[in-house]
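# Reading the structure
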Amino acid sequence: MPQHSASLAHRHTLTGIAFTVLACACFSVLDTGSKYAGALLPLLMALWLRYVLQSALTVGFGVARHGLDIFRTQRPGFQCLRAVLFCLSNALAMLSLRYLPLAEFTAVVALTPLALTLVAALWLRQRVSPLRWVLVGLGFAGTLVIIRPGANFSGWALFWPVLQLAANTAYQVLSSRMAGKERPLTTQIYTSLLALALTCATLPWTWQLPDTAALWLAGIAMGVGSAVGHLMLLKAYEKAQPATITPFLYSQIPCALLAGWLVYGHIPDQWAVIGMAMVAACGAASAWLSMRELR
């Protein structure tokens, strides 16, 4: 029996890792569609297209699995604030993708675990080990390698991803503070629906339906990539421990590199690839240390 239990746990771990990598591939599809749609449609209209399909798929999955009980929440204020930060982070990501290639943008966003370390030390007054500070420094050094002078985008374009990193960090801090106090799928449903409501309010000023098949395809890629990616991530956390699957979240960087090459013909130079590897390694190590400390 112990051997059977160990084998079952091993299979669950591998399944969780597979779901994580597939989720990252979906998020790369989301970013690929966002880069195309965000350049040709009004920003909030593009977000509305994403949230319509994302909400339909997420709500459909939640109701099919749990019935109407999935809408029960004890913290409506938290749900509203999380949705605002989610929408703000998405809008800034779409602005960033107008100026940055997919892989470089993904690498900058991958600094979030390192930024969370800074927040923990400076704002939450938590003790941070010397090793964590080394990882933060190396991770930011990797970002400087990516955005060094001579890279194929202008320095002012980094204003948007830096703001996006700040918004995403706030979103992650809020989510972590409420972890275990709400059902994850319930939170995901409210985040999608409230973000949809926010963008619906702007439609009288931003309405512009896609006028080409490519734009419709980009809209579908955004909605499906976001909904399926988040649902797969939920399944991953059901199958394996966070400390196990967190390092595999950085598989989104090679996924973004592949998508950028296939769709936009962009290939990062060797220095950018080195910087991405530094960010991914430091971020994964920092996330793993965080999980170990929580245990």
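Scoring rules and cut-offs
Residues numbered from 1 in each chain as written. Predicted model: local features only at pLDDT ≥ 70, side-chain atom pairs only at ≥ 80, totals over all residues. Heavy atoms only, no water. Salt bridge = Lys/Arg side-chain N within 4 Å of Asp/Glu carboxyl O. Buried < 20%, exposed > 50% of the residue type's maximum accessible area, 1.4 Å probe, protein only. Helix = DSSP H or I, 4+ residues; strand = E, 2+ residues; numbered from the N terminus. Patch = residues over 30% accessible without salt bridge, like charges linked within 9 Å, V, L, I, M, F, W, Y side chains within 5 Å. Areas by Shrake-Rupley, 256 points an atom, 1.4 Å probe, with all protein chains shown as cover. Phe/Tyr/Trp six-rings, centres within 6.5 Å; stacked < 30°, edge-to-face > 60°. Lys NZ or Arg CZ within 6 Å of the ring centre and 35° of its normal. Axes fitted to C-alpha atoms, helices over the stretch in contact; angles between N-to-C directions. Left-handed = near helix turned anticlockwise from the far one by under 90°. Contact = heavy atoms within 4.5 Å. Nonpolar A, V, L, I, M, F, W, Y, C, P; charged D, E, K, R; others polar.

For the structure on display, the rule yields two salt bridges. Notably, a salt bridge pairs Arg-72 with Asp-69, separated by 3.2 Å at the nearest N-O pair. What makes Arg-72 exposed here is its relative accessible area of 58%. Arg-183 is the partner of Asp-69 in a salt bridge, and the nearest nitrogen-oxygen pair spans 2.9 Å. Of the two residues, Asp-69 sits in the loop between helix 2 (43-66) and helix 3 (76-97) while Arg-183 sits in the loop between helix 7 (159-177) and helix 8 (184-200), which places them 114 residues apart along the sequence. A relative accessible area of 31% means that Asp-69 is categorised as partly exposed. A relative accessible area of 31% places Arg-183 in the partly exposed class. A network of salt bridges, in which partner residues are shared, links Asp-69, Arg-72 and Arg-183.

Here we come to a nonpolar patch on the surface. Taken together, Tyr-36, Leu-40, Leu-258, Trp-261, Leu-262, Val-263, Tyr-264 and Ile-267 make up a surface patch of nonpolar side chains, about 790 Å² in accessible area. Counting residues per element, the ones that place at least two in the nonpolar patch are helix 1 (2-40) and helix 12 (252-264). Residue position: Leu-258 is located in helix 12. For Leu-258, a relative accessible area of 45% puts it in the partly exposed group.

With that settled, consider the packing of aromatic side chains. Given two aromatic rings, one states the distance between the centres and the angle between the planes to describe the pair. Tallied over the entire structure, the rule returns four aromatic pairs. Ring plane angle 70 degrees and centroid distance 5.1 Å describe the contact between Phe-159 and Trp-160, whose orientation is recorded as edge-to-face. A network of ring pairs unites the aromatic residues Tyr-51, Phe-86 and Tyr-171 as a single cluster. Stacked on the ring of Tyr-264, the Lys or Arg Lys-35 has its end atom at 5.7 Å from the ring centre.

Turning our attention to the packing of helix 3 against helix 8. Interaxial distance between helix 3 and helix 8 falls to 8 Å at its minimum, and their mutual angle equals 60 degrees. For the pair helix 3 and helix 8, the crossing hand works out as right-handed. Across the interface between the two elements, Phe-78, Gln-79, Cys-80, Arg-82, Ala-83, Val-84, Phe-86 and Cys-87 of helix 3 pack against Thr-187, Gln-188, Tyr-190, Thr-191, Leu-194, Ala-195, Leu-198 and Thr-199 of helix 8. Of the residues in the contact of helix 3 with helix 8, the class split is 10 nonpolar, five polar and one charged.

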